Amino acid sequence: MPNVSEARGILNSADVLFTAEQVSAAVERMAAEITEKLGETYPLVLSVMGGAVVFTGQLLPRLAFPLDFDYVHVSRYGDKTKGGELVWRQAPKEDVQDRVVLVLDDILDEGETMAAIRDRVLNMGAKAFYSGVFANKLISKSKPIAADFVGIDVPDRYVFGYGMDVRGSWRNLLSNLCAEISRSVPPT
Ligand SMILES: O=P(O)(O)OC[C@H]1O[C@H](OP(=O)(O)OP(=O)(O)O)[C@H](O)[C@@H]1O
Ligand SMILES: Nc1nc2[nH]cnc2c(=O)[nH]1
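All of these numbers come straight from a predicted model, not from anything done at the bench. (Residues numbered from 1 in each chain as written. Chains lettered and ligands numbered in written order. Predicted model: local features only at pLDDT ≥ 70, side-chain atom pairs only at ≥ 80, totals over all residues. Heavy atoms only, no water.)

What about the site of ligand 1?
Neighbouring ligand 1 are 17 residues; Arg76, Tyr77, Asp105, Asp106 and Thr113 lie closest to it. The side chain of Asp105 places a nitrogen or oxygen atom 2.5 Å from an oxygen atom of ligand 1. Within the side chain of Asp106, an N or O atom sits 2.6 Å from an oxygen atom of ligand 1. Burial of ligand 1 by the surrounding chains reaches 94%, relative to a free accessible area of 500 Å². Taken together, the elements giving at least two residues each to the shell around ligand 1 come down to strand 3 (68–75), strand 5 (100–108) and helix 4 (112–123). When residues in the shell around ligand 1 are grouped by element, the largest group, 4 residues, is from strand 5. Grouping the constituent residues of the shell around ligand 1 by class yields 4 nonpolar, 5 polar and 8 charged. (Near = heavy atom within 4 Å. Polar contact = N/O pair within 3.5 Å; in protein donor to acceptor, adjacent residues only side chain to side chain. Areas by Shrake-Rupley, 256 points an atom, 1.4 Å probe, with all protein chains shown as cover. Helix = DSSP H or I, 4+ residues; strand = E, 2+ residues; numbered from the N terminus. Nonpolar A, V, L, I, M, F, W, Y, C, P; charged D, E, K, R; others polar.)

Here's the deal with the site of ligand 2
The local shell around ligand 2 consists of Tyr77, Ile107, Asp109, Lys137, Arg157, Tyr158, Val159, Met164 and Asp165. Take Val159: an N or O atom from its main chain is 2.7 Å from a nitrogen atom of ligand 2. Compared with its free state, where it exposes 280 Å², ligand 2 has 93% of that area covered by protein.

What about the environment of Val166?
Tracing the chain through its elements places Val166 in the loop between strand 8 (159–160) and strand 9 (179–180). By relative accessible area, which is 0% here, Val166 ends up buried. Counting along the chain gives 80 residues from Val166 to Leu86, while the straight-line C-alpha distance between them is 18 Å. (Buried < 20%, exposed > 50% of the residue type's maximum accessible area, 1.4 Å probe, protein only.)

Thoughts on the side chain of Arg76
Residue placement: Arg76 occurs in the loop between strand 3 and strand 4 (87–90). Apart from the residues lying within four places of it in its own chain, the contact partners of Arg76 are Lys82, Gly83, Gly84, Glu85, Leu86, Glu110, Glu112 and Thr113. (Contact = heavy atoms within 4.5 Å.)

A look at the pattern of salt bridges
Summed over all chains, the structure comprises 10 salt bridges. Where Arg99 meets Asp68, a salt bridge forms, and the shortest distance between an N and an O atom there is 2.9 Å. Note that Arg99 is positioned in the loop between strand 4 and strand 5 and Asp68 in strand 3, a separation of 31 residues in sequence. Relative accessible area serves as the criterion here: at 30%, Asp68 is assigned to the partly exposed category. A salt bridge links Asp109 to Lys137, with the nearest nitrogen and oxygen atoms 3.0 Å apart. Here Lys137 lies in strand 6 (residues 128–137) and Asp109 lies in the loop between strand 5 and helix 4, a separation of 28 residues in the sequence. (Salt bridge = Lys/Arg side-chain N within 4 Å of Asp/Glu carboxyl O.)

Note that every value here comes from positions in space, so none of it alone points to a role or purpose.
Following this line, the structure appears as structure tokens:
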């Protein structure tokens, strides 16, 4: 059951990793890099629900070239802080075929989610696959995929805000963007 005081407590004990200005500058830079690389390709942009909703909403208006937009929905964390089995809630649609596809997500952590999306999109006949993530988590384990476009690198701690939840909450956090849970909160 959602609990207001618990959610406020998590936020109050969190560290702020990046300010709104830093986040905005990172998204601006990504938009320029994506425009440079994909501006003439009329890509199909797929946003990964639900975490990528804020990032996508701020990045898309900065891409001043023709594109198509759709979404996929994949989940493997739920409201936990450790990843589990990947569940497809909305798979890519047939129209990925022969398209340059750019997949946008909030965070690349272990990379399992983005790698699964890449495999599925390419198996369905996409001409090319690119990935853009707002945050790339610096972990010691090797990842099955590296993102083509990255906003910020984050340390190996559970981050939230800017579309990313903590215990299901604070996806809507925009003022102190990308805060991080206190070390005293154990992983679940
Ligand atoms: O690189 P990985 O270790 O696979 O983790 C990254 C994924 O984890 C989060 O999704 P989550 O499963 O929490 O779904 P949600 O966006 O619905 O919260 C996030 O939005 C990414 O899609
Ligand atoms: N909210 C959130 N979701 C994630 N999914 C994978 N890693 C993370 C993380 O650090 N924070």
